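Here's the letter readout for the chains.
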Amino acid sequence: MSSAGTETNLANPRGGLGRRMVSAFQHMKRDRQLLILFIPCLLFYIIFRYGPLYGLIIAFKDYSVFTGILESDWVGLKHFEKFFNSPDFWLLFKNTLLLGVYNLIFGFPFPIILAILLNEVRVKWFKKSVQTLSYLPSFLSVVIISSMIIDFLSPNQGIINQLIAALGFEKTYFLIEPSWFRTIYVSSDIWATVGYEAIIYMAAIAGISPSLYEAAKVDGAKRRHMIFRITIPAILPTIIIMFVLKTGSMLRIGYEKVLLLYNPMTYEVADVFSTYVYRKGLLESNYSYGAAVGLFEAVVAMILLLSSNYFSKRLGGSGLW
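Read on for an overview of the structure. (Residues numbered from 1 in each chain as written. Predicted model: local features only at pLDDT ≥ 70, side-chain atom pairs only at ≥ 80, totals over all residues. Heavy atoms only, no water.)

**Some words on the overall build of the chain**
Scanning the chain for helices and strands turns up 17 helices and two strands. For 321 residues, the compact-globule estimate of 2.2 N^0.38 gives 20 Å, and the C-alpha radius of gyration of the chain, at 26 Å, exceeds that figure by more than 25%. Burial analysis of the chain (321 residues in total) assigns 32% to the buried set. The long-range share in the chain, meaning contacts at least 24 apart out of those at least 6 apart in sequence, stands at 62%. For the chain, the accessible surface area stands at approximately 20600 Å², while carbon and sulfur atoms represent 68% of it. The positive charge centre, built from 29 side chains, and the negative charge centre, built from 20, are 13 Å apart in the chain. (Helix = DSSP H or I, 4+ residues; strand = E, 2+ residues; numbered from the N terminus. Rg over C-alpha atoms; globule rule 2.2 N^0.38 Å. Buried < 20%, exposed > 50% of the residue type's maximum accessible area, 1.4 Å probe, protein only. Contact = heavy atoms within 4.5 Å. Areas by Shrake-Rupley, 256 points an atom, 1.4 Å probe, with all protein chains shown as cover. Lys, Arg positive; Asp, Glu negative; His and termini not counted. Charge placed at Lys NZ, Arg CZ, Asp CG, Glu CD.)

As structure tokens, this is what we get:
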């Protein structure tokens, strides 16, 4: 049989490929309705995600709006060298890295803890109330959240400063104190995202078989034992995948909230790659330089994502791919 099969493949080397193409066509025919539903998603990614990547070539050109992308002169790595030799480089790298690391260290465990605690709550109305209140900020825009932060921290009417004054301490101008910026940014980010991210872990917890908990109860296990021996090990693959995704986006600090919260007094700790790209690229019309900085940020983020996925697979046995 083996010999006959080999002879058939030698006689028709494209036979295997042909069978695979026929099989793929049959699958497409069978799932045509799902494929039609997928078309809008595919078009979205082609138009708004992959199409704009063409514009990245201006990072290697002296782009002019009058000559266009194709007619602009090639300059190689000129803009990257200018950025790496700039005194702003290490300041931006430090600020972006610290905000990303603080977000990862302090922000990552909160949704896991919230999901586990909510899973242990037996009073349904209380559980639903906490869930609703926790993911409510996720539906607010960055502008509204930033406005709320500014109002809360206002030195005159802000509730935080009023509490500080009521306790007999001096009011603090939080938003012009560089030492407070990272704390404000990270804590507000946790407040805005903790409820939404906890839903993912609660869904993973819901998939755990109740028989495991029943068996543990029969063996005399207490709640803390069930949390550490059943719940956490069961959701560990989800935790690893979320950690890989978080690590990959560690340097992708959005410019919107930083832009709304920072000011010249806090530039030294608040200025990050994305706000720098906004200022240099759009406000100063230095498009090629801004594109080079943005491309560098994206490459570093990709390296972090690949590295974290590699180490998670080596250490935990699971990863994104």
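That covers the picture; the talk isn't over yet.
**Here we look at a nonpolar patch on the surface**
Taken together, the side chains of I36, F38, I39, L42, L43, F44, Y45, I46, I47, F48, Y50 and L53 define a hydrophobic patch exposed on the protein surface, amounting to about 1200 Å² of accessible area. By the secondary structure assignment, Y50 is in helix α3 (residues 32-50). Under the relative-accessibility criterion, Y50 is labelled exposed at 57%. (Patch = residues over 30% accessible without salt bridge, like charges linked within 9 Å, V, L, I, M, F, W, Y side chains within 5 Å. Salt bridge = Lys/Arg side-chain N within 4 Å of Asp/Glu carboxyl O.)

**Looking at helix α13 (residues 223-248)**
Note on helix geometry: an α-helix contains 3.6 residues per turn, so any two residues three or four positions apart are oriented the same way. The axis of α13 is deflected most strongly, by about 50 degrees, at L236, and proline P237 appears within four residues downstream. Every buried residue of α13 is accounted for by M226, I227, I230, T231, I235, I239, I240, M242, V244, T247 and G248. (Bend = angle between axes of the 7 residues up to and from the residue.)

**Looking at the packing of aromatic side chains**
Any pair of aromatic rings gets described here by the distance separating the centres and the angle formed by the planes. Scanning the entire structure with this criterion turns up 26 aromatic pairs. Note on F83 and Y289: the rings are 6.2 Å apart at their centroids and 75 degrees apart in plane angle, and the pair reads as edge-to-face. Within this pair, whereas F83 is found in helix α5 (residues 78-84), its partner Y289 is found in helix α17 (residues 287-316), the two being separated by 206 residues in sequence. Of the two residues, F83 and Y289, neither departs from the other in class, the shared state being buried. Plain terms: the ring middles of F181 and Y185 are 6.3 Å apart, the flat faces sit at 25 degrees to each other, and that makes the pair stacked. (Phe/Tyr/Trp six-rings, centres within 6.5 Å; stacked < 30°, edge-to-face > 60°.)

**Re the packing of helix α7 (residues 109-120) against helix α8 (residues 124-135)**
Relative to each other, α7 and α8 sit at 160 degrees, their axes nearing to 10 Å. What the angle tells us is that α7 and α8 run roughly antiparallel. Here the hand of the crossing between α7 and α8 comes out left-handed. Judged by residue contacts, L114, L118 and N119 of α7 engage K127, V130, Q131 and S134 from α8. Grouping the amino acids of the contact of α7 with α8 by side-chain chemistry returns three nonpolar, three polar and one charged. (Axes fitted to C-alpha atoms, helices over the stretch in contact; angles between N-to-C directions. Parallel < 35°, antiparallel > 145°, perpendicular 65-115°, else oblique. Left-handed = near helix turned anticlockwise from the far one by under 90°. Nonpolar A, V, L, I, M, F, W, Y, C, P; charged D, E, K, R; others polar.)

**Describing the environment of L212**
Its location among the elements puts L212 in helix α12 (residues 210-218). When its relative accessible area of 46% is taken as the criterion, L212 is described as partly exposed. When the C-alpha atoms of L212 and I159 are compared, they prove to be 46 Å apart, with 53 residues separating the residues in sequence.

**So, the nonpolar core**
Membership of the largest hydrophobic core comes to 40 residues, with the highest contact counts inside it found for I112, F181, Y185, Y201 and V258. Those elements giving two or more residues to this core turn out to be α7, α9 (142-152), α11 (178-206), α12, α13, α14 (255-261) and α15 (267-270). Considering every element that reaches this core, the biggest residue donor is α11, with 11 residues. Of all hydrophobic cores here, the second largest spans 10 residues; its members include F83, L92, F273 and V293. (Core = buried A, V, L, I, M, F, W, Y, C linked by side-chain atoms within 4.5 Å.)

**Observations regarding the packing of α11 against α13**
Where α11 contacts α13, the two axes come as close as 9 Å, and the packing angle between them is 145 degrees. Between α11 and α13 lies a crossing of right-handed hand. Counting all contacts with α11, which are made through E197, I200, Y201, A204 and I205, the residues of α13 involved are T231, I235, T238, I239, M242 and K246. For the contact of α11 with α13, the residue count by class is seven nonpolar, two polar and two charged.

**Describing the side chain of S134**
Tracing the backbone through its elements, the reader meets S134 in helix α8. Non-local contacts of S134, meaning those with residues more than four positions away in its chain, are made with L114, W191, V194 and G195.

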